[in-house]
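So you can see what is in the structure, the chains are spelled out below.
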Amino acid sequence: MITKLHTLVYLLASMCAFSQERLTAMEISGTMTGARGGKLYIYDVQGKSTFKADSCIVANGTFSFPKREYADGIYMIGMNENNMCPVILSAAEPKLQLQFNNMKLEQGLTSNSSPQNHAWGQYILQEPVLLKAIKDAKVGAHKNPEQKATFDKQLAEKESELLTLQKKLASDYPKTHLAKIMNWKQEPNRTEIGKYYRDWE
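This text gives an overview of the structure that appears in the document.

Parameters and conventions
- Residues numbered from 1 in each chain as written.
- Predicted model: local features only at pLDDT ≥ 70, side-chain atom pairs only at ≥ 80, totals over all residues.
- Heavy atoms only, no water.
- Pairing = 2+ DSSP bridges.
- Helix = DSSP H or I, 4+ residues; strand = E, 2+ residues; numbered from the N terminus.
- Axes fitted to C-alpha atoms, helices over the stretch in contact; angles between N-to-C directions.
- Contact = heavy atoms within 4.5 Å.
- Salt bridge = Lys/Arg side-chain N within 4 Å of Asp/Glu carboxyl O.
- Buried < 20%, exposed > 50% of the residue type's maximum accessible area, 1.4 Å probe, protein only.
- Parallel < 35°, antiparallel > 145°, perpendicular 65-115°, else oblique.
- Left-handed = near helix turned anticlockwise from the far one by under 90°.
- Expected span 1.5 Å × (residues − 1).
- Phe/Tyr/Trp six-rings, centres within 6.5 Å; stacked < 30°, edge-to-face > 60°.
- Lys NZ or Arg CZ within 6 Å of the ring centre and 35° of its normal.

### Points about the sheet that holds strand E6 (residues 73-80)
Part 1 of the reasoning: Strand order in the open sheet formed by 4 strands is E3-E2-E6-E7, with antiparallel pairing between adjacent strands. The outermost strands of the open sheet, each flanked by one partner alone, are strand E3 (49-57) and strand E7 (83-89). Put simply, the sheet's adjacent strands are angled 30 degrees from each other on average, direction ignored.
Part 2 of the reasoning: Packed onto the sheet, helix H2 (residues 115-143) meets E6 and E7 and runs at close to 140 degrees relative to E7.

### Concerning unusual backbone geometry
Across residues other than glycine, the phi torsion is negative in most instances, and most of the peptide bonds are trans.
Part 1 of the reasoning: At Asn-60, a residue that is not glycine, the phi angle is positive and equals roughly 55 degrees.
Part 2 of the reasoning: In this fold, Asn-60 is placed in the loop between E3 and strand E4 (62-64).
Part 3 of the reasoning: A positive phi angle, near 60 degrees, is found at Lys-175, a position not held by glycine.
Part 4 of the reasoning: If you trace the backbone, Lys-175 turns up in the loop between helix H3 (148-172) and helix H4 (177-185).

### Focus: the pattern of salt bridges
Part 1 of the reasoning: Under the defined criterion, the tally for this structure stands at 6 salt bridges.
Part 2 of the reasoning: Note that Glu-27 and Lys-67 form a salt bridge whose closest N and O atoms lie 3.8 Å from each other. In this pair, Glu-27 sits in strand E1 (residues 23-32) while Lys-67 sits in the loop between E4 and strand E5 (68-71), placing the two residues 40 residues apart along the sequence.
Part 3 of the reasoning: Overall, the relative accessible area of 32% leaves Glu-27 in the partly exposed class.
Part 4 of the reasoning: Note on Lys-67: relative accessible area 56%, which makes it exposed.

### Looking at the packing of H2 against H3
Part 1 of the reasoning: Between H2 and H3, the shortest axis-to-axis distance is 8 Å and the interhelical angle comes to 160 degrees. Taken together, H2 and H3 sit at an angle that is classed as roughly antiparallel. For the pair H2 and H3, the crossing hand works out as left-handed. Seen from H2, the contacting residues are Ala-119, Tyr-123, Gln-126, Glu-127, Leu-130, Leu-131, Ala-133, Ile-134, Ala-137, Lys-138, Gly-140 and Ala-141; seen from H3, they are Lys-148, Phe-151, Asp-152, Gln-154, Leu-155, Lys-158, Glu-159, Glu-161, Leu-162, Leu-165, Gln-166 and Leu-169.

### Side note on H3
Part 1 of the reasoning: An ideal rise of 1.5 Å per residue puts 36 Å on 25 residues; H3 measures up with 36 Å between its terminal C-alpha atoms.
Part 2 of the reasoning: The set of residues buried in H3 consists of Phe-151, Leu-155, Leu-162, Leu-165, Gln-166, Leu-169 and Ala-170.
Part 3 of the reasoning: Residues of H3 that are buried in the fold lie against H2 and H4.

### As for the packing of aromatic side chains
Part 1 of the reasoning: A full pass over the atoms with the stated rule returns 5 aromatic pairs.
Part 2 of the reasoning: With a centroid separation of 5.9 Å and 55 degrees between ring planes, the pair formed by Tyr-41 and Tyr-43 is classed as tilted. The two residues Tyr-41 and Tyr-43 agree in class, both being buried.
Part 3 of the reasoning: For the ring pair Trp-120 and Tyr-123, a centre distance of 6.1 Å and an interplane angle of 15 degrees mean the geometry is stacked. Pair noted here: Trp-120 and Tyr-123 are both in helix H2, with a separation of 3 residues, about one helical turn.
Part 4 of the reasoning: Classification of Trp-120 by relative accessible area gives buried; the value is 0%.
Part 5 of the reasoning: When the ring centre of Tyr-70 is taken as origin, the NZ or CZ atom of Arg-68, which lies over that ring, is 4.5 Å away.

Structure, rendered in structure tokens:
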């Protein structure tokens, strides 16, 4: 079971299933700050469960997975199921280099070969903060009716900040998986994401 990935669980689970026929040989390598050794895994996500798709050894802070075919989508890379990070695998980037600059992987994702993964790594840090502020404003308005106007203003500001961020990323990285994710997140009724992808393409 995936843990501590905030609002991403359903998104990640759905995206990995939407396009299983399109396979591309990919090479995934990178570095991990503070990691001397151990084993690193790529996890496929199905529903709310994860399945190990491949593994490699981390040696002196570097890793390199065997070349193999993947469907486009989001996968998890991690040391175990309590320390994983969602990453974007795309046929447009068959040689993917990732850098994890924090031992808690989801807090330190960047990439010098994939602009969309670099931006994605920043987004997954910002989204939980904004969602928490949105939730706190809603709770505050409910518990403190006399301050409802103040909390409603905070709510509107944070919702606008999140929407602006999503729109900017969709605009800055057009025709990428990151753009698809950001556009989907802006849908008022959140179409089932598999159907959304088919319609988008």
